[in-house]
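Now for the letters of each chain:
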Amino acid sequence: MKNQGRPDDMFDGRPVIGICNTWSDLTPCNGHLREIADRVKRGVYEAGGFPLEFPVMSLGETNLRPTAMLFRNLASMDVEESIRGNPIDGVVLLVGCDKTTPSTLMGAASCDVPTIVVSGGPMLSGRYRGQTMGSGTDVWKFQAEVKAGLMTSAQFCDAESCVARSIGHCMTMGTASTMANLVEALGMGLPQNAAIPAADARRYALAQLAGRRIVEMVRQDVRISKILTREAFENAVKVNGAIGGSTNAVIHLIALAGRLGIPHTLADWDRLGRDVPTLVDLMPSGRFLMEDYYYAGGLPTVIRALGEAGKIYRDALTVNGHTLWENCCEAENFNFEVIRPFNHPLVAQGGIAVLRGNLAPNGAVLKPSAATPELMRHTGRAVVFESIEDYHIRIDDPDLDIDETCMMVLKNCGPVGYPGMAEVGNMALPAKILKRGIRDMVRISDARMSGTAYGTVVLHVAPEAAVGGPLSLVKNGDLISLDVGERKLQLLVDEKELDRRRQGRQAPVILQSGGYEGLYRRHVLQADQGCDFDFLRGMRGHGIPRESH
């Protein structure tokens, strides 16, 4: 260690702080985290600590194939073993694109060391031809416009540059922004961690303060298990409803709770979130973007509104040593259009809806704030795609027997089937329907969708088709009934006929059975259990039983 030019007194027993950096050129949302790390180091030095930066696998949805979610658990193992195997007393997690947040948190939770999360922050708001544009959300809209012949490819590419105009992650309430908000709601980040834009100087000031605070947390022995309690998870579920957060948060929080041994299920999401109004008017559910959200007051303003309505546990501890309520009780709302008052919400019941029925015995999810109200109670004829390749081949076939009353059903895109449960659930509608001005239909799958996406989309159907779930039995022409208010998803086919189909069911062909992908398929849990590996659940601590020499 001295070959780096460190003086002798750095080895006097002061707290060693690991800076877990998910920077990568391949993950553009995290491309500025080296500069953030420098500010964290400055804070650690100021507080008398010894900062040591280390890299871990970075996960960006933009480039990773077949999906970043396939590698979330692998990255969490990288984090866990890096913390445990090295002389690290506390850790600062530098995160951005969405899977880097849950993966690093899961790894740190398994070790139970003092931990602070510093998110990289959202991009500045996009602007295209005089209009505000949001990453992801407007991409899906423009994709539909191109398919409908209303926008050229050149215009699409021009708009792309106007959206991605600064450092940072998606500035809509996609999964990256959602997880940054939930980090703060869980108490794992400093106040305003969620909303400060990446290009704002205050993001760097927050990083420096986090560096100072993690040294104090080590000295006070404030471990992650003292903050991530059942009450903290319940607060996070309610916050997710209030911000119109991503459906992906359900999977990530269930997996994180599993590392800590905290009971946390789909039933909790429905019970806790059902009567929480969506207060934040952000894309994809609403109109504004994360930059507007920060200027309006950010998450502390939302938490104050929830606290005054009796919706949260006020005494939950946070990383700065104060309770959640102490951090937020005086937060002001500077724009009631962006963060709406409790009595005038964007959506009255904004929490994630958990659906059950013979098509999803173990559950499925839908995001009411991003769905079309008229479609949330609907019965339609199934148009079935056996795989994502089948969908791409057939979706724009002029002879495809489909209209807007149908339900699009996509199979074999779950944790085992894809593998990794890719963000393909928000299937683009057929061109012939888009050209008629229709922009939403009911879509059902065992896949996920980007938090930036929208529509009446039923996701995470469990058990998935690839392991023999009822979704595998659906055929073209079957009637399916969706009733979000009653939390029902029902395949209207006689049970005897379903039994007959089970007997003739053929398992999907697995193209890759070895290596990490093979390990993943053998050990991944289903969506309702968080998609963690079965052997990673539980807290293993950070102690090492043997020395290396």
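These figures come from a predicted structure and were not determined experimentally.

With that settled, the discussion passes to helix H18 (residues 515–523). Every buried residue of H18 is accounted for by Gly518, Tyr520 and Arg521. Around the axis of H18, the buried residues are gathered within 160° of arc, so they sit on the same side. Residues of H18 that are exposed and angled more than 90 degrees away from the buried face: Gly515 and Arg522. Buried-residue contacts for H18 involve helix H2 (72–85).

This brings us to helix H11 (residues 266–273). Taking burial as the measure, the eight residues of H11 include six buried ones, the bulk of the element. Taken together, the buried positions of H11 are occupied by Leu266, Asp268, Trp269, Asp270, Leu272 and Gly273. Of the surrounding secondary structure, the elements contacted by the buried residues of H11 are helix H9 (230–243), helix H10 (248–260), strand E7 (353–357) and strand E8 (360–366).

Turning our attention to the pairing of strand E12 (residues 457–462). Within E12, six of the six residues are buried, leaving the element largely enclosed by the surrounding structure. Direction of pairing for E8 relative to E12: antiparallel, over a ladder of two bridges. What sits directly across from glycine 363, in E12, is alanine 462.

What follows is about the packing of H9 against helix H13 (residues 298–308). Interaxial distance between H9 and H13 falls to 11 Å at its minimum, and their mutual angle equals 110°. As far as their axial angle goes, H13 and H9 are roughly perpendicular. Within the contact between the two elements, H9 uses Lys238, Val239, Ala242 and Ile243 and H13 uses Leu299, Val302, Ile303 and Leu306. Its residues assigned to classes, the contact of H9 with H13 shows seven nonpolar, no polar and one charged.

Core analysis: the biggest nonpolar cluster contains 105 residues, and Leu94, Val118, Met188, Phe233, Trp269, Tyr293 and Val302 have the highest contact counts within it. Dropping the residues within four chain positions of it, leucine 94 is found in contact with Ile19, Cys20, Asn21, Thr22, Leu33, Ile36, Ala37, Val40 and Val118. Counting 28 residues, the second largest nonpolar core, distinct from the first, contains Leu355, Leu359, Val384 and Leu471.

Burial within E7 is extensive, with four of its five residues counted as buried. Where E7 meets E8, four bridges bridge the pair, whose relative direction is antiparallel. Within E8, the position partnered with leucine 355 by the bridge is alanine 364. Joining the antiparallel neighbours E7 and E8 is a turn of two residues.

Here four strands make up an open sheet; going across it, the order is E2-E1-E3-E4 and the pairing parallel. The open sheet has two free edges, formed respectively by strand E2 (50–55) and strand E4 (115–119), since each of these has just one partner strand. The mean inter-strand angle of the sheet, taken between neighbouring strand axes irrespective of direction, is 20°. Where strand E1 (residues 16–21) lies against strand E3 (residues 90–95), five bridges are found, and the strand directions are parallel.

Cut-offs and rules
- Residues numbered from 1 in each chain as written.
- Predicted model: local features only at pLDDT ≥ 70, side-chain atom pairs only at ≥ 80, totals over all residues.
- Heavy atoms only, no water.
- Buried < 20%, exposed > 50% of the residue type's maximum accessible area, 1.4 Å probe, protein only.
- Helix = DSSP H or I, 4+ residues; strand = E, 2+ residues; numbered from the N terminus.
- Arc of directions from axis to C-beta.
- Contact = heavy atoms within 4.5 Å.
- Pairing = 2+ DSSP bridges.
- Axes fitted to C-alpha atoms, helices over the stretch in contact; angles between N-to-C directions.
- Parallel < 35°, antiparallel > 145°, perpendicular 65-115°, else oblique.
- Nonpolar A, V, L, I, M, F, W, Y, C, P; charged D, E, K, R; others polar.
- Core = buried A, V, L, I, M, F, W, Y, C linked by side-chain atoms within 4.5 Å.

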